[in-house]
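An overview of the molecular structure
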Amino acid sequence: MKIASTFMTLATVAMLWGCGSKSTETTDTTDLADSTNEAVAENAATDSASTAAKEDADFAVEAANGGMAEVALSKIAETKATDPKVKEFAKQMVTDHSKANDELKALAASKNITLPSASDEEKQKAAADLAGKSGTDFDKAYISQMKKDHDKTVKLFEDGQKEVKDAELKAFIEKTLPVIKAHAEHVKSLDKTK
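Structural notes, computed from the coordinates. Every chain is numbered independently, its residues counted from 1 as its sequence is written. Side-chain atom pairs in this predicted model are given and counted only at pLDDT of 80 or more, local residue features only at pLDDT of at least 70, and totals for whole chains, interfaces and linings cover all residues. Hydrogens and water are ignored here; the side-chain numbers use all heavy atoms of the structure.

**Examining the overall build of the protein chain**
The secondary structure listing takes helices from DSSP runs of H or I that are at least 4 residues long and strands from runs of E that are at least 2 residues long, numbered from the N terminus. In terms of regular secondary structure, the protein chain is built from 8 helices and 0 strands. Moving toward the C terminus, one meets the helices and strands of the protein chain in the order α-α-α-α-α-α-α-α. We call two residues in contact whenever any of their non-hydrogen atoms come within 4.5 Å of each other. The contacts of the protein chain with a sequence gap of at least 6 include a subset with a gap of at least 24, amounting to 76%. For the accessible areas, the method is Shrake-Rupley and the probe is 1.4 Å, while residue cover comes only from the protein chains on display. With the model as given, the accessible surface of the protein chain reaches about 10,500 Å², and the carbon-plus-sulfur share is 57%.

In structure tokens:
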């Protein structure tokens with residue numbers, strides 16, 4: 001019965017999203033993932049399970065959103081950066097964040113958590129703005145964005161250490177946080193040279 005109820009809720013969310021006006025057609029996939037996860041959490045057996053599932057899903061969606069944005073921005077930097085150290089950092093970001101994104105995707109699938117298929121509109125706008133820059137202006141803008149993003153991501157993961165309930169998701173956080181902290185320190189050292 002619970003599976004049928006969850007299916008009906010997901011079908012309703014999909015139908016409402018698909019039948020929306022032009023403005024809802026442009027809703028980013030992060031919002032859709034949040035709505036889907038909320039519907040699944042509402043069908044959890046208890047209120048405490050529902051709250052835990054919602055908080056864990058919120059973390060996963062936000063982590064995926066940030067991770068995809070890091071890869072997108074860094075792919076731009078791999079080709080547009082002028083400083084070899086910035087290019088090297090960008091390459092490392094693509095490698096590390098792609099790996100973490102893949103691990104999170106597999107983990108989320110096993111937990112019935114829906115992740116966005118693309119970063120949100122704000123992060124896509126940041127990528128478009130960055131792509132419009134060139135030369136040393138590009139390098140400075142990329143480093144600045146990476147610094148800002150990694151500070152937010154470190155906080156997200158540190159908060160996740162305290163708030164996430166699922167043991168496997170918590171293990172993902174424990175494994176990934178040191179890598180993100182290393183990125184944050186690396187980008188701060190690059191910022192000092194710009």
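**Focus on unusual backbone geometry**
Even without being glycine, N112 reaches a positive phi, approximately 60 degrees. Relative to the helices and strands, N112 resides in the loop between α5 (84–110) and α6 (121–131).

**Comments concerning the packing of aromatic side chains**
Two aromatic rings from Phe, Tyr or Trp, using only the six-membered ring of Trp, form a pair when their centres are within 6.5 Å; if the ring planes differ by under 30 degrees the pair is stacked, by over 60 it is edge-to-face, and anything between is tilted. Applying the stated rule across the entire model yields 4 aromatic pairs. Judged by centre distance (6.3 Å) and plane angle (65 degrees), the ring pair of F89 and Y142 falls under edge-to-face. On the criterion of sequence distance, the pair formed by F89 in helix α5 and Y142 in helix α7 (residues 135–163) is long-range, its members being 53 residues apart. The same class applies to F89 and to Y142, which are both buried. Burial classes follow relative accessibility: with a 1.4 Å probe on protein chains only, a residue under 20% of its type's maximum area counts as buried, one over 50% as exposed, and anything between as partly exposed.

**Here's the deal with the side chain of D96**
Secondary-structure assignment places D96 in helix α5. Under the counting rule used here, the positive set is Lys and Arg, the negative set is Asp and Glu, and His together with the chain ends is not counted. The rule for a salt bridge is simple: a side-chain nitrogen of Lys or Arg has to be within 4 Å of a carboxyl oxygen of Asp or Glu. The charged side chain of D96 is buried without a salt bridge, its nearest counter-charge being K99 at 6.9 Å. At 2.8 Å, the side chain of D96 forms a polar contact with the side chain of Q92. Within the local environment of D96, its side chain forms a polar contact with the side chain of H183, the two groups lying 2.7 Å apart. Here a polar contact means two N or O atoms within 3.5 Å. Within protein one must be a hydrogen donor candidate and the other an acceptor candidate, and residues neighboring in sequence count only if both atoms are side-chain atoms.

**Some details on the environment of F138**
With respect to the element layout, F138 can be found in helix α7. A relative accessible area of 0% places F138 in the buried class. Measuring from C-alpha to C-alpha, the distance between F138 and T82 comes to 8.1 Å, with 56 residues separating the pair along the chain. Discounting chain neighbours no more than four positions away, the residues touching F138 are I76, A77, K80, A81, L130 and K133.

**Quick look at the pattern of salt bridges**
Counted according to the given criterion, the structure contains 10 salt bridges. Between K188 and D151 there is a salt bridge; the shortest N-O distance is 3.9 Å. Of this pair, K188 sits in helix α8 (residues 167–193) while D151 sits in helix α7; the two residues are 37 residues apart in sequence, bridging distant segments of the chain. According to the relative accessible area criterion, K188 is partly exposed, its value standing at 31%. By sharing partners, the salt bridges in this structure join K111, D166 and E168 into a single network.

**Describing the packing of α5 against α7**
With their axes 11 Å apart at the nearest point, α5 and α7 run at an angle of 35 degrees to one another. Between α5 and α7 lies a crossing whose hand is left-handed. Residues V86, F89, A90, M93 and H97 of α5 touch α7, and the partners they reach there are D139, Y142, I143, M146 and H150. Under the convention adopted here, Pro, Cys and the residues Ala, Val, Leu, Ile, Met, Phe, Trp and Tyr are nonpolar, Asp, Glu, Lys and Arg are charged, and Gly plus all remaining residues are polar. Across the contact of α5 with α7, the residue classes tally to 7 nonpolar, 2 polar and 1 charged. Only the contacting stretch of a helix is used when fitting its axis, a line to C-alpha atoms as for every element, and angles between N-to-C directions run 0 to 180 degrees. Crossings are sorted by hand: turned counterclockwise from the far helix by less than a right angle, the near helix makes the crossing left-handed, and turned clockwise it makes it right-handed.

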